[in-house]
Amino acid sequence: MSVTGEYEPSPSARVRKHVEEMETTGRPTETPLGLPIVVMTFQSRRSHKVHKTAVMKVEHDGSYALVASKGGAPQHPQWYHALTLHPDLDLQDGTEKYAMRVRELHGDERAQWWERAVEAYPPYADYQRKTDREIPVLLAEPVAR
């Protein structure tokens, strides 16, 4: 895979459990609403260590939307800032792993992927109503090997 370095596990026990279960079985036992997730492996922006986190699976034609909702909090999640600085990541969907590169979506393209995201995980619509910020949507696209 493309992201290497010293791994720093998440301080969140839930995130650590999702990552561990995905890496060992490809299927976590408990996810929000029982819906599928994917695990992102990326380089942090400050320590440059490898971080891993799970997000809801929003996939279309081999590309994945990464919705920086943070549950409708007023600020973006830390992984959003890391990926805008270091756009290469590894993404695990089930037992499959892919080298990906992200870019932030805007305009009609963002609207189309936002619609897909809300269809895949309806609480995203509630999260957007809870916050004044427009929730960013990043698109992870496969990198040619």
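Here is a short report on the structure shown in this document. (Residues numbered from 1 in each chain as written. Predicted model: local features only at pLDDT ≥ 70, side-chain atom pairs only at ≥ 80, totals over all residues. Heavy atoms only, no water.)

### With respect to the nonpolar core
Put simply, the test is: In plain words, nonpolar cores are sets of buried Ala, Val, Leu, Ile, Met, Phe, Trp, Tyr and Cys residues tied together by side-chain atoms within 4.5 Å. Buried residues are those whose accessible area, probed at 1.4 Å on protein chains only, stays under 20% of the maximum for their type, while exposed residues exceed 50% and partly exposed ones sit between those limits. The way it works is that DSSP assigns letters per residue, a run of H or I at least four long becomes a helix, a run of E at least two long becomes a strand, and they are numbered from the N terminus. Every residue pair with non-hydrogen atoms within 4.5 Å of one another is taken to be in contact.
If you look at the biggest cluster of nonpolar residues, it comprises 19 residues, and the most contacted ones within it are Val58, Val67, Trp113, Trp114, Tyr124 and Val137. Counting residues per element, the ones that place at least two in this core are α1 (13-25), β1 (37-43), β4 (63-67), α3 (107-120), α4 (123-130) and β7 (137-142). Once residues within four sequence positions are removed from consideration, Trp113 is found in contact with Val58, Glu59, His60, Ser63, Tyr64, Ala65, Leu105, Val137 and Leu139. Ranked by size, the runner-up nonpolar core spans 17 residues in total, among them Val55, Tyr64, Trp79 and Ala82.

### Looking at the pairing of strand β6 (residues 96-104)
In regular strands, side chains alternate between the two faces of the sheet. Spelled out, the test is: Two strands qualify as a pair provided that DSSP identifies no fewer than 2 bridges between them.
Across 6 bridges, the pairing between strand β5 (residues 88-93) and β6 is antiparallel. Considered in β6, the bridge of Leu91 is made with Tyr98. Between β5 and β6, which pair antiparallel in sequence order, lie 2 residues; one of them, Gly94, sits at a positive phi of approximately 65 degrees. Where β6 lies against β7, 5 bridges are found, and the strand directions are antiparallel. In the sheet register, Arg103 faces β7, and the bridge partner there is Leu139.

### Some details on the environment of Arg45
Applicable threshold: N or O atoms within 3.5 Å of each other form a polar contact, as long as, within protein, one can give a hydrogen and the other can take it, and as long as residues adjacent in sequence are counted only when both atoms are side-chain atoms.
Its location among the elements puts Arg45 in the loop between β1 and β2 (50-56). For the pair Arg45 and Gly71, spaced 26 residues apart in sequence, the C-alpha separation works out to 22 Å. Discounting chain neighbours no more than four positions away, the residues touching Arg45 are Gln78, His81, Ala82, Leu85 and His86. Among the polar contacts listed, one links the side chain of Arg45 to the side chain of Gln78, at a separation of 3.1 Å.

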